[in-house]
Amino acid sequence: GSDDIIAGNVSKYMVLPAAYSGQPKKGHLVFDACFESGNLGRVDHITEFEYDLFIRPDTCNPRFRVWFNFTVENVKESQ
């Protein structure tokens with residue numbers, strides 16, 4: 001569930017549709033938070049234009065999530 005503890009950051013994580021097989025292509029987003037102050041813990045693909053992002057809690061206070069710090073690559077123009 002969304003209350004699960006997310007321990008680490010995603011690192012160059014390519015999100016593919018559930019039924020997709022084959023080589024990744026432009027538009028299959030790559031999320032990365034493996035850097036200082038990165039805090040993206042999980043990404044779920046919903047549709048080509050919708051993703052659920054799960055932000056890790058702050059290091060010193062697990063009750064709060066006060067920033068969003070991650071990168072997204074491999075975006076296609078219409079996305």
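Note that the structure is a prediction, hence the values are computed from the model and not measured.

1. Re the overall build of the protein chain
For step 1, the next point in the chain: Per the secondary structure count, the protein chain includes zero helices and five strands.
For step 2, the next point in the chain: Counting from the amino terminus, helix and strand elements in the protein chain follow one another as β-β-β-β-β.
For step 3, the next point in the chain: In terms of overall dimensions, the protein chain has C-alpha extents of about 40 × 25 × 20 Å along its principal axes.
For step 4, the next point in the chain: Burial analysis of the protein chain (79 residues in total) assigns 27% to the buried set.
For step 5, the next point in the chain: Of the contacts made within the protein chain by residues no fewer than 6 positions apart, 54% connect residues no fewer than 24 positions apart.

2. Describing the pattern of salt bridges
For step 1, the next point in the chain: A full pass over the atoms with the stated rule returns three salt bridges.
For step 2, the next point in the chain: Here glutamate 73 and lysine 12 are joined by a salt bridge, their closest N and O atoms 2.8 Å apart. One end of the pair, glutamate 73, is in strand β5 (residues 71-73); the other, lysine 12, is in the segment before β1 (13-14), and 61 residues separate them in sequence.
For step 3, the next point in the chain: A relative accessible area of 47% places lysine 12 in the partly exposed class.

3. Things to note about the sheet that holds strand β2 (residues 30-32)
For step 1, the next point in the chain: In spatial order, the strands read β1-β2-β5; together these three strands make up an open sheet with antiparallel pairing. Lying at the two open borders of the sheet, with one neighbouring strand each, are β1 and β5.
For step 2, the next point in the chain: With two bridges joining them, β1 and β2 adopt antiparallel strand pairing. Across the sheet, tyrosine 13 pairs through a bridge with phenylalanine 31, a residue of β2.

4. Observations concerning the environment of phenylalanine 35
For step 1, the next point in the chain: With respect to the helices, strands and loops of the structure, phenylalanine 35 is situated in the loop between β2 and β3 (40-47).
For step 2, the next point in the chain: Taking the C-alpha atoms as reference, phenylalanine 35 lies 8.4 Å from phenylalanine 70; in sequence the two are 35 residues apart.
For step 3, the next point in the chain: For phenylalanine 35, the contacting residues outside a window of four places in its chain are Asn9, Asn69, Phe70 and Thr71.

5. Structural notes on the side chain of histidine 28
For step 1, the next point in the chain: Locating histidine 28 in the fold gives a position in the loop between β1 and β2.
For step 2, the next point in the chain: Engagement of the side chain of histidine 28 in a polar contact is seen with the backbone nitrogen of lysine 25, the distance being 3.0 Å.
For step 3, the next point in the chain: Residue contacts for histidine 28: discarding those within four places in its chain leaves Met14, Val15, Leu16, Pro17, Tyr20, Glu73 and Asn74.

6. Remarks on the UniProt feature "domain: Cytosolic carboxypeptidase N-terminal" (unreviewed entry) in the protein chain
For step 1, the next point in the chain: Sequence positions flagged by UniProt for "domain: Cytosolic carboxypeptidase N-terminal" (unreviewed entry) are, in local numbering, residues 32-77.
For step 2, the next point in the chain: Secondary structure over residues 32-77 splits into 0% helix and 39% strand, and the C-alpha atoms at its two ends are 20 Å apart.

Reading the values: rules and limits
- Residues numbered from 1 in each chain as written.
- Predicted model: local features only at pLDDT ≥ 70, side-chain atom pairs only at ≥ 80, totals over all residues.
- Heavy atoms only, no water.
- Helix = DSSP H or I, 4+ residues; strand = E, 2+ residues; numbered from the N terminus.
- Buried < 20%, exposed > 50% of the residue type's maximum accessible area, 1.4 Å probe, protein only.
- Contact = heavy atoms within 4.5 Å.
- Salt bridge = Lys/Arg side-chain N within 4 Å of Asp/Glu carboxyl O.
- Pairing = 2+ DSSP bridges.
- Polar contact = N/O pair within 3.5 Å; in protein donor to acceptor, adjacent residues only side chain to side chain.
- UniProt positions renumbered as here; feature names shortened; annotations may be inferred.

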